[in-house]
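Take a look at the letters that make up each chain.
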Amino acid sequence: MDTYTYSIGNNLYLNLTNRCSNRCTFCVREGKETYEGYALWLRGGEPTAETVIAQIGDASRFGEVVFCGFGEPTYRLDDMLKICTHVHKTGGKTRLNTNGQGSLIHGYDIVPLLAGNLDGINISLNAPTEEAYNAVCRPQRGGAFRAMLDFAAACRKEGLNAWFSVVDCIGAEAVEACRNLANEVGLPLRVRPMIE
Ligand code: SF4
């Protein structure tokens, strides 16, 4: 059965879509349909906001409610915002894990819509240059690296609690170059271990 919401630790994770504008070489879904025993590849289609809201219930039970899953959550922007409203109404906190291409995907700047709805935004940086990004993330749209950086800069300008993340497997030198790039944009960088 398809998994729309799943718990890890004290957090609840939401899996709204299979769609993604990248095909990262390190993605947990490469060649897999499950993660941590959850069937995250949605075979029966995307869930409605109402279905996900019903599964969340009282969001104050969780540390954070995180838009994550097997695809890029901003493809479901409208439903994501409905879910954020519910989470906040029931005393919870929201976080978005994103590849930062939401504005590129939608063709307009989505950042103003995120203000007040997301308590944290984790933007995958993954590489310090466009060339390296294209090799590792294999974006489906041209200009993805630039669009991701513009999205991040827009989050900073909007005063959102946003940060970049990289996986440690890219190596110390690349991590340092990512840190410099993050500084230029004006957001913090968090380095996380690779998830197998
Ligand atoms: S952006 Fe995220 S979901 Fe998309 S391919 Fe990369 S790691 Fe996977």
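Residues numbered from 1 in each chain as written. Predicted model: local features only at pLDDT ≥ 70, side-chain atom pairs only at ≥ 80, totals over all residues. Heavy atoms only, no water.

## Overview of the overall build of the protein chain
Thinking step 1. A tally of helices and strands in the protein chain yields seven helices and nine strands.
Thinking step 2. For the protein chain, the C-alpha radius of gyration of 16 Å lies close to 16 Å, the compact-globule estimate for 196 residues.
Thinking step 3. With the C-alpha coordinates aligned to their principal axes, the bounding extent of the protein chain is approximately 45 × 35 × 30 Å.
Thinking step 4. Considering only contacts within the protein chain whose residues lie at least 6 apart along the sequence, 79% involve residues at least 24 apart.
Thinking step 5. Within the structure as shown, the protein chain displays about 9000 Å² of accessible surface, and the carbon and sulfur contribution to it stands at 49%.
Thinking step 6. Measuring between centres, the 19 positive side-chain charges of the protein chain sit 2 Å from its 22 negative side-chain charges. (Helix = DSSP H or I, 4+ residues; strand = E, 2+ residues; numbered from the N terminus. Rg over C-alpha atoms; globule rule 2.2 N^0.38 Å. Contact = heavy atoms within 4.5 Å. Areas by Shrake-Rupley, 256 points an atom, 1.4 Å probe, with all protein chains shown as cover. Lys, Arg positive; Asp, Glu negative; His and termini not counted. Charge placed at Lys NZ, Arg CZ, Asp CG, Glu CD.)

## Concerning the sheet that holds strand β8 (residues 162-167)
Thinking step 1. The mixed open sheet is built from seven strands, whose spatial order is β1-β2-β5-β6-β7-β8-β9. Two strands bound the open sheet, and with one partner strand each, they are β1 (5-8) and β9 (189-192). In this sheet, neighbouring strand axes are inclined to one another by 25° on average, regardless of whether the strands run parallel or antiparallel.
Thinking step 2. Note: strand β2 (residues 11-14) against strand β5 (residues 65-67), three bridges, orientation parallel. If you follow L14 over to β5, its bridge partner there is F67. (Pairing = 2+ DSSP bridges. Axes fitted to C-alpha atoms, helices over the stretch in contact; angles between N-to-C directions.)

## Some points on the site of the ligand
Thinking step 1. Lining the immediate surroundings of the ligand are C20, N22, R23, C24, C27, F70 and N99.
Thinking step 2. Cavity membership is defined here by more than half of the atoms lying within 2 Å of grid points; on that basis the ligand lies in the largest pocket.
Thinking step 3. When its residues are assigned to classes, the shell around the ligand shows four nonpolar, two polar and one charged. (Near = heavy atom within 4 Å. 1 Å grid on protein atoms, 1.4 Å probe; cavity = no way out; pocket = protein on both sides within 12 Å on 5 of 7 lines; lining within 4 Å. Sits in = over half its atoms within 2 Å of the grid points. Nonpolar A, V, L, I, M, F, W, Y, C, P; charged D, E, K, R; others polar.)

## A word on the pairing of β2
Thinking step 1. Going residue by residue along β2, you find N11 and Y13 tucked away on one face and L12 and L14 tucked away on the opposite face as well.
Thinking step 2. Note that β1 and β2 share four bridges and pair antiparallel. When the sheet's bridge partners are listed, S7 is paired in β2 with L12.
Thinking step 3. In sequence, β1 turns back onto β2 through a hairpin of two residues, with G9 there showing a positive phi of about 60°. (Buried < 20%, exposed > 50% of the residue type's maximum accessible area, 1.4 Å probe, protein only.)

## As for the packing of helix α1 (residues 49-56) against helix α2 (residues 77-89)
Thinking step 1. Taken N-terminus to C-terminus, the directions of α1 and α2 make an angle of 25°; their axes are 9 Å apart at the nearest point. Between α1 and α2, the angle falls in the class roughly parallel. The chirality of how α1 crosses α2 is right-handed. Contacts from A49, E50, V52, I53 and I56 of α1 reach α2 at D79, K82, I83, H86 and V87. (Parallel < 35°, antiparallel > 145°, perpendicular 65-115°, else oblique. Left-handed = near helix turned anticlockwise from the far one by under 90°.)

## What to know about the nonpolar core
Thinking step 1. Of all hydrophobic cores here, the largest spans 51 residues; its most connected members are I56, L114, I121, L125 and F164.
Thinking step 2. Ranked by residue count, the leading element in this core is helix α6 (residues 144-157), at nine residues.
Thinking step 3. The contact partners of I56, leaving out residues within four places of it in the chain, are L12, L14, R61, F62, V65, I83, H86 and V87.
Thinking step 4. Core analysis: the next-biggest nonpolar cluster, separate from the first, contains seven residues, Y6, V28, L40 and V66 among them. (Core = buried A, V, L, I, M, F, W, Y, C linked by side-chain atoms within 4.5 Å.)

## Remarks on unusual backbone geometry
Thinking step 1. In this structure, N126 is a non-glycine residue whose phi angle is positive, near 70°.
Thinking step 2. Here N126 is to be found in the loop between β7 (120-124) and α5 (130-137).
Thinking step 3. Of note, R138 is a non-glycine position whose phi angle comes to about 45°, a positive value.
Thinking step 4. Mapped onto the fold, R138 is located in the loop between α5 and α6.

## So, the pattern of salt bridges
Thinking step 1. A complete count under the given rule lists seven salt bridges for this structure.
Thinking step 2. Close ionic contact of R95 with E64 constitutes a salt bridge, the shortest N to O distance being 2.8 Å. Residue R95 is found in strand β6 (residues 94-98), and its partner E64 is found in the loop between α1 and β5; the two are separated by 31 residues along the sequence.
Thinking step 3. The class of R95 is buried, set by a relative accessible area of 12%.
Thinking step 4. With relative accessibility at 23%, the residue E64 sits in the partly exposed group. (Salt bridge = Lys/Arg side-chain N within 4 Å of Asp/Glu carboxyl O.)

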